[in-house]
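# Descriptive structure summary
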Amino acid sequence: MESKTFWECNKAYILTALGLVLVGFVFVKYLMIMDWGYLIQFTLHAMLGDTSGVMSAPTSELQQMMNAAFGPAYNTVAPEIIRASNERQEFIWYVFFAEILIFVLLYIKNGRVNPTITKPNDTVQVFTSFQRAVIWLNIGMISVLVLTGFNITWSLRSEGGDLPRLLREFHELTGLAWIGVWLIFTIIAAKDMKGWRSNSTFRHFLPGSYKPSKRVIWFFYAVMGAGLCFSGAMIITLHPSSLTHADVIQFRRVLLYLHFGASVLIMFFILDFVYASAISVKGYLKGLWTGTYPREYLEQVAPDVLEDLKKVGRA
Amino acid sequence: MANTLGYGGMTNHLGDMQNSKVILIMGANPAVNHPVGMQHILKGKENGAKIISIDPRYTKTSAHADLYARIRTGTDIAFLYGMIRYIVKNDLHDKQYLNDRVFDWESIVEEAEQYTPEVVANVCGCTAEKFLEVVKLFTANSPGCLIWNQGWTQHTIGTSNTRLGPIMQMFLGNIGKVGGGCNILRGHDNVQGASDMANLSENLPGYYPINEGSWKYYSGQWQVDYEWLQKRFKSKEMMEKKGFSLSTWPWGVIDEANATNNAGTPLKALICIGNGISTITMTHKTKEALDKLDLVVFIDPYVNDAAVITDRTDNMFLLPAASQVETSGSVAATNRSYQWRSRVVKPLYEAKEDHEILFEFAKRLGFYEEYTRSLKNGKPSYEWPEDATREYNRSIKTIGLQGVTPERMKRQQENWALFDPVTLKGSGVVEGEYYGLPWPCWSEKHPGTPIMYRTDISVMEGGMGFRAGWMDKGPDGKPVVVAEKNGQTLLAGNQPAGSRFKGGYLEITADNIESLGITLSAEEKEKVKGKNWKNDNTYILVNKALEAGLCPYGNGKARARVWEWTDQTPKHREPLHSFRQDLVAKYPTFEDKKDHYRANIRYASEQKKQKWVEDFPVNVVTGRIVEHMGTGTETRASKYLAELAGEMYAHIHPTLAKKMGIDDGDMIWVHGTGEGKIKVKARYSYSVAETDIFMPQNFSGLWSGKSLVDKYPKGTAPYALGENSNQITSYGYDINTSCPETKCTLARIEKA
Amino acid sequence: MSRMKFYCDDYRCVDCNGCVVACKEAHEIPVGVNRRRVITINEGIEGKQKSLSVACMHCSDAPCQKVCPTDCFYIRKDGIVLHDKEKCIGCGYCLYACPFGAPQFGHEGIFGVKGVMDKCTFCAGGPDETLSETEFEHYGQNRIAEGKIPMCASMCATKALIAGDAAEVDKIYEYRTAKRGENTSLKPYGWEAYNNGK
């Protein structure tokens, strides 16, 4: 282990960070019209508890009136919301196209792993029924959220009406319910953190230990999920009345932007899950449903999982 | 004010404030109580008027003022005297006007002498510089108009306030002037009409005093026997005695000692028609009285909150009355204008119009025929409300309602667009009339009097002098006492334009009319024999006087000194519960007054009882909020208004709050000097002084922390409930009118 | 072509909330939804207290229209911005995009699920049949079709709130400005007026 260089240890993290920085830079520099200086200031203020969006004391009565009546600094975040919501309608296809392209390239490069199973009856139970329930609930909910989310984004195509409105409400309700699933996933994502004792329940929540490339995906999934859960729940609950409008509108704008951003980014990791579970390895999806895998499958594809299961005496 | 100028009505009108060059608002908050009146003030401001707001609070009106001065509650007299002193010292007073039109104004100058700017500053709690700034701005612009409201009347010295205001205006010659005057902005539909029609216990309709002469006059007007009328009363003495007032009646129930003032018996029953009686000070005493009475009847479109406050379980009745949109008839605006109101919908459910309810009472009590006789006036039946209007046209001559006929009012209603909002002058079919025929409207040809006491126009155009009839206002025709001092008489030194008689003259009677250059035929003389302008049913005296350009009530002087009152000239007296204990010795209150509206009222003994401010260190200001009206019985039952102002609060200055460890939004207990206590939410506000808290008077339904919502009949509870601030307002009543002292109150507050 | 505009004169507004209640009564709007609201700053601070009544400004380049994913907004020839409640899915994007906080969402339903958007219609109803019951139910009165000015402005006690043809409103504004003299921006409203005003 000591012989590994820093690069080898953290390759996955560095590549992910670089990728995000590159994508982020292109977007921020060339596509977005957000006032980033303001947004950073705002975030700091919000962390300290001031979510009004007023960064400095108003210099004139008129500015004060605008702050009180309409909310501060309209030109910082709101135009970006308008731009983003419009461009999401038009251009989000290209993002997905790019993301799918990455996986197509991966597939071309790596092909599909096809473990040879000689003793199909020698199986090991990898996922408990609870774990399967969580995983499939997540798959179901995410599908609903993605579909109903796109229903909002692309309602220009549906032209609104009762059904899209119902779907939108379903998006909110499902989102709130998903918070529970997301919590479990956060635990899973953090299960091999150094802080946990080696025999703690957390560590064995899901068998196997992470490789950086896998961990980073779990990690981002949890983080983006946090963004979505937080912003979504806040948007639903922090509902402005006409009198509190000015105090919360800027915060809500930032939250909506967070929701937009997180939803685009999380799509990459969702696609990764789809790729990993359905395409990269044959038989994975089936095991996800039944909870059991042939011992040979694990020996070939996930020896770490088998190792873990042996430790707790389940294999 | 009636005792200074002759009439208690607002002298000018709303639109006229657009002609003012300076508007002084003291003890009033028109932006809240009279938003439509505020329109004219703001238009006046656009026309170049300076707005001055003097108030213990920085109100919504103050926000639109050019100059604001904060004074301590109940110190307006010191402020006004200071102004008068400044005016006289700087020779700014209109001497011609004062000599011609004001009796004994020198006594005011004498009294004003002590109020130097420093004294004013000390008493009022504003700086001397601020005071001088106000006076200079007010005197530098002319004409100036003065506005007040309950902030002046609801004091032990309320009547002194309302006398000194017009006196100060007269020093500047501002009364009887376009753009000048004293404008009392009543913030309630038909308040002026209510007092015109004698919804007061001290007079008969049209301000006829309650004495034998007036009763005889009215028995004639009502076409009933005087003897029959008298038999309705326990005795002749009680018939001619002022009744309990809205503020003193609880003492007639609770305090057995008052029985001697009330023919030997405490009050037994209360019938309350459309009055929020819980807006009177010391609501817990009202509750006590309500609990003790034998019978209580509330007649209201909504459940009167007093019915909820009381603990009584029996002999209380709620009779549903129709609301204003379900009725029709004349209503008087704040500026003495009468307007015709048409019914919008018929009364809903079992609600009845007020008069229907009263007629039903009369039927059951057995005097329906007598009650409606003058409505029929010889015809087989009567037509409501026209015949009621005609009845007052016939009988109320003192304030000149002869000309305010239903026909004229209806024609005006149909031709609103033809009136000029600033001058009130009509054109086209209503040419030669002022809008609303503001009283006095002496005859059906008279245009009404939008601006009172103007001598630059003739009587038939709405001109008049001051009233000459101070000591004898009865219709029994006794000659007016002419008081003399330093060779002055009560008769005016000038006259309205076009008057055939030069100089002042007494009120028109059959005896003096010919001495004023008017000749009557023998037949006419016979008809008016022994009559005067107030009781002459033939109108010969009035019409002849008008023809000669004379004012029926004479042409007298306003009086600066009311010689039959305790305070002949207005005097500053500290409130009973004074925030400035050190000033009490110098400005003590009145002696206790016995039989004041049938109750024995404490003044000096209450003030000296203890050093109130030591135990109750916070000065309380109460007032109205714009969303709610009165007790809020009606407005709190509106979901939209309840949404806007749904909870009771106390505005507290952050400095005071911090001292007491109270955070914005904390609940606090407020203890009044009279045992009451309420639990309200503290709201930080810079509008109040650091020593004060402000509470709205419009809430009810919570009682010392307990909800009374269960006591409402099912489905009638309003949307917004709150503590009644009058539970903690202090004891105290005006020395002349018994108006309750709601504006000077001390309290103790503590965090709940 | 005339353009309909609101103008609230902060020299005149006395924070009486008359416009708010007039609007809600006229259109029978549920509690919690305020098409119009009155904002007061510096309450109680001498010389600095100011009030303003605000509602939908009926922008010519309405951001709500730009952001709406269902494209339910439309701008009438007279400049009134209206929306189609049948199309609206209640996503709330217009609320984020609006500089004035005009779009309103009710609080009914479980989990605070928002209904469809409601906003000031300049008393001009909506896309439903003019003066029909459906129109009243969805959007309230259509006073413009009846030849009347919006309820809020007609009920304003001090005539601080003026509504109508922009040219007429501008005339009133100019008249008042001229009467008041200095210290008033020559242009009513708009950001420019705000920035140059004081």
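Residues numbered from 1 in each chain as written. Chains lettered and ligands numbered in written order. Predicted model: local features only at pLDDT ≥ 70, side-chain atom pairs only at ≥ 80, totals over all residues. Heavy atoms only, no water.

Pairs may arise between side chains of opposite charge once their charged atoms sit close together. Residues and elements named next belong to chain B. Tallied over the full model, the rule gives 52 salt bridges over all chains. In this structure, Asp 387 engages Arg 390 in a salt bridge whose closest nitrogen and oxygen atoms are separated by 3.0 Å. Taken together, the residues span about one helical turn, with Asp 387 and Arg 390 both in helix α20 (residues 386-395) at a distance of three residues. The exposure class of Asp 387 is buried, given its relative accessible area of 3%. (Salt bridge = Lys/Arg side-chain N within 4 Å of Asp/Glu carboxyl O. Helix = DSSP H or I, 4+ residues; strand = E, 2+ residues; numbered from the N terminus. Buried < 20%, exposed > 50% of the residue type's maximum accessible area, 1.4 Å probe, protein only.)

Here the focus is helix α10 (residues 158-171) of chain B. All names here are of chain B. Spanning 14 residues, α10 covers 20 Å between terminal C-alpha atoms, matching the ideal 20 Å at 1.5 Å per step. A large share of α10 lies buried, amounting to 14 of its 14 residues. Downstream of α10 by a residue or two, Gly 173 has a phi angle that is positive, lying close to 65°. (Expected span 1.5 Å × (residues − 1).)

With that settled, the discussion passes to the arrangement of the chains. For the two pairs of chains in contact, the maximum contact count is reached by chains A and C. What separates chain A from chain B at the closest point of their C-alpha atoms is a distance of 10 Å, and the two make no contact. (Contact = heavy atoms within 4.5 Å.)

What follows covers helix α16 (residues 283-292) of chain B. Residues and elements named next belong to chain B. Burial within α16 is extensive, with seven of its ten residues counted as buried. Within the span of α16, buried status applies to Thr 283, His 284, Lys 285, Thr 286, Lys 287, Ala 289 and Leu 290. As for α16, its buried residues are in contact with α15 (249-254), β9 (269-273), β10 (295-300), α17 (305-309) and β22 (701-703).

A few words now on the interface of chain A and chain C. Residue-level contacts link 42 residues of chain A with 50 residues of chain C. Both sides together, the interface formed by chain A and chain C hides about 4,000 Å², and carbon and sulfur atoms give 64% of it. Put simply, chain A and chain C have zero salt bridges between them. Our enumeration of links across chain A and chain C arrives at 13 residue pairs in polar contact (both at pLDDT 80 or more). Listing elements by their share of the side of chain A that touches chain C, those giving two or more residues are α3 (61-70), α4 (74-110), α5 (129-153), α6 (155-158), α7 (162-189), α8 (212-237) and α9 (245-280) of chain A. Residues belonging to the side of chain A that touches chain C are distributed by class as follows: 22 nonpolar, eleven polar and nine charged. (Buried area = accessible area lost by both parts, 1.4 Å probe. Polar contact = N/O pair within 3.5 Å; in protein donor to acceptor, adjacent residues only side chain to side chain. Nonpolar A, V, L, I, M, F, W, Y, C, P; charged D, E, K, R; others polar.)

Bringing the confidence of the model for chain A into the picture now. Of the residues in chain A, 90% reach a pLDDT of 70 or more, and the chain-wide mean stands at 79. Within chain A, helix α12 (residues 303-311) of chain A has the poorest average pLDDT of any element, 75, and α5 of chain A the best, 85. (pLDDT = per-residue confidence, 0-100.)

A separate point is the sheet that holds β9 of chain B. All names here are of chain B. Pairing within the open sheet is parallel, and its three strands lie in the order β9-β10-β11. Whereas interior strands pair on both sides, the edge strands pair on one side only; in this sheet they are β9 and β11 (316-320). Averaged over all neighbouring strand pairs, the angle between strand axes comes to 10°, with direction disregarded. In the sheet, β9 pairs with β10 via five bridges, with the strands oriented parallel. Across the sheet, Leu 270 pairs through a bridge with Val 296, a residue of β10. (Pairing = 2+ DSSP bridges. Axes fitted to C-alpha atoms, helices over the stretch in contact; angles between N-to-C directions.)

Looking now at the pairing of strand β15 (residues 593-596) of chain B. Strand direction decides the pairing type here: β15 of chain B and strand β16 (residues 599-601) of chain B, joined by two bridges, are antiparallel. Directly across from His 596 of chain B, in β16 of chain B, lies its bridge partner Ala 599 of chain B.

A low pLDDT score tells you not to read the predicted coordinates there in detail. Of the residues in chain C, 87% reach a pLDDT of 70 or more, and the chain-wide mean stands at 83. Across residues 189-198 of chain C the pLDDT falls below 50, and counting only partners more than four positions away or on other chains, this stretch makes 26 contacts in the model.

Residue and element names in this part refer to chain B. As enumerated under the stated definition, the model contains 43 aromatic pairs over all chains in all. Relative to Tyr 218, the ring of Tyr 217 lies with its centre 5.3 Å away and its plane at 75°, an arrangement referred to as edge-to-face. Residue classification places Tyr 218 among the buried residues on the basis of a relative accessible area of 0%. The interplanar angle of 70° and the centroid separation of 5.5 Å between the aromatic rings of Trp 251 and Tyr 731 together place this pair among those described as edge-to-face. Here Trp 251, found in helix α15, pairs with Tyr 731, found in the loop between β24 (722-723) and β25 (745-751); they are 480 residues apart in sequence, far enough to count as distant. Tyr 731 shares its class with Trp 251; the two are buried. One aromatic cluster is present, formed by Tyr 208, Trp 215, Tyr 217, Tyr 218, Trp 222 and Phe 233 through successive ring pairs. A cation over a ring is seen here: Arg 57 above Phe 694, with NZ or CZ 3.6 Å from the ring centre. Seen from the ring of Phe 590, Arg 573 lies directly overhead, with NZ or CZ sitting 4.3 Å from the centre. (Phe/Tyr/Trp six-rings, centres within 6.5 Å; stacked < 30°, edge-to-face > 60°. Lys NZ or Arg CZ within 6 Å of the ring centre and 35° of its normal.)

This part is about the interface of chain C and chain B. Taken together, the contact pairs 32 residues of chain C with 26 residues of chain B. Surface buried jointly by chain C and chain B totals about 2,300 Å² across both partners, of which 56% is contributed by carbon and sulfur atoms. If you sort the residues of chain C by the area they bury against chain B, Arg 12, Val 14 and Gln 49 of chain C come out on top, with a joint share of 21%. In this structure, Arg 12 of chain C engages Glu 46 of chain B in a salt bridge whose closest nitrogen and oxygen atoms are separated by 2.7 Å. The interface formed by chain C and chain B contains twelve residue pairs in polar contact (both at pLDDT 80 or more). When contributions to the side of chain C that touches chain B are tallied by element, the ones reaching two or more residues are α1 (18-27) and α6 (166-180) of chain C. For the side of chain C that touches chain B, the class distribution of residues is eleven nonpolar, seven polar and 14 charged.

Mapped onto the secondary structure, Leu 166 of chain A falls in helix α7. Taking the C-alpha atoms as reference points, Leu 166 of chain A and Ser 155 of chain A, eleven residues apart in sequence, are found 12 Å from one another.

Residue and element names in this part refer to chain B. Side chains of strand β18 (residues 649-652) alternate between two faces, with Tyr 649 and His 651 and Ala 650 and Ile 652 buried alike. With four bridges connecting them, β18 and strand β20 (residues 677-684) associate as parallel partners. Within the sheet, the bridge partner assigned to Tyr 649 lies in β20 and is Lys 681. Here two bridges tie β18 to strand β21 (residues 692-696), and the two strands are oriented antiparallel to one another. When the bridges of β21 are listed, Ile 652 appears paired with Ile 693.

Now for the sheet that holds β22 of chain B. Strands belonging to one sheet form pairs held by backbone hydrogen bonds; the direction of such a pair is parallel or antiparallel. Residues and elements named next belong to chain B. What the three strands build is an open sheet, ordered β23-β22-β24; its pairing is mixed. Either end of the sheet is taken by a strand with one partner, and the two such strands are β23 (706-707) and β24. As judged from the two bridges shared by β22 and β24, these two strands associate in the parallel manner. Its bridge partner being in β24, Leu 702 is matched across the sheet by Glu 723.

The next thing to look at is a nonpolar patch on the surface. Residue and element names in this part refer to chain A. A cluster of nonpolar side chains, Leu 22, Val 23, Phe 25, Val 26, Phe 27, Val 28, Tyr 30 and Leu 31, forms an exposed patch at the surface whose accessible area comes to about 730 Å². Relative to the helices and strands, Val 23 is located in helix α1 (residues 6-31). Using a relative accessible area of 45% as the deciding quantity, one classes Val 23 as partly exposed. (Patch = residues over 30% accessible without salt bridge, like charges linked within 9 Å, V, L, I, M, F, W, Y side chains within 5 Å. Areas by Shrake-Rupley, 256 points an atom, 1.4 Å probe, with all protein chains shown as cover.)

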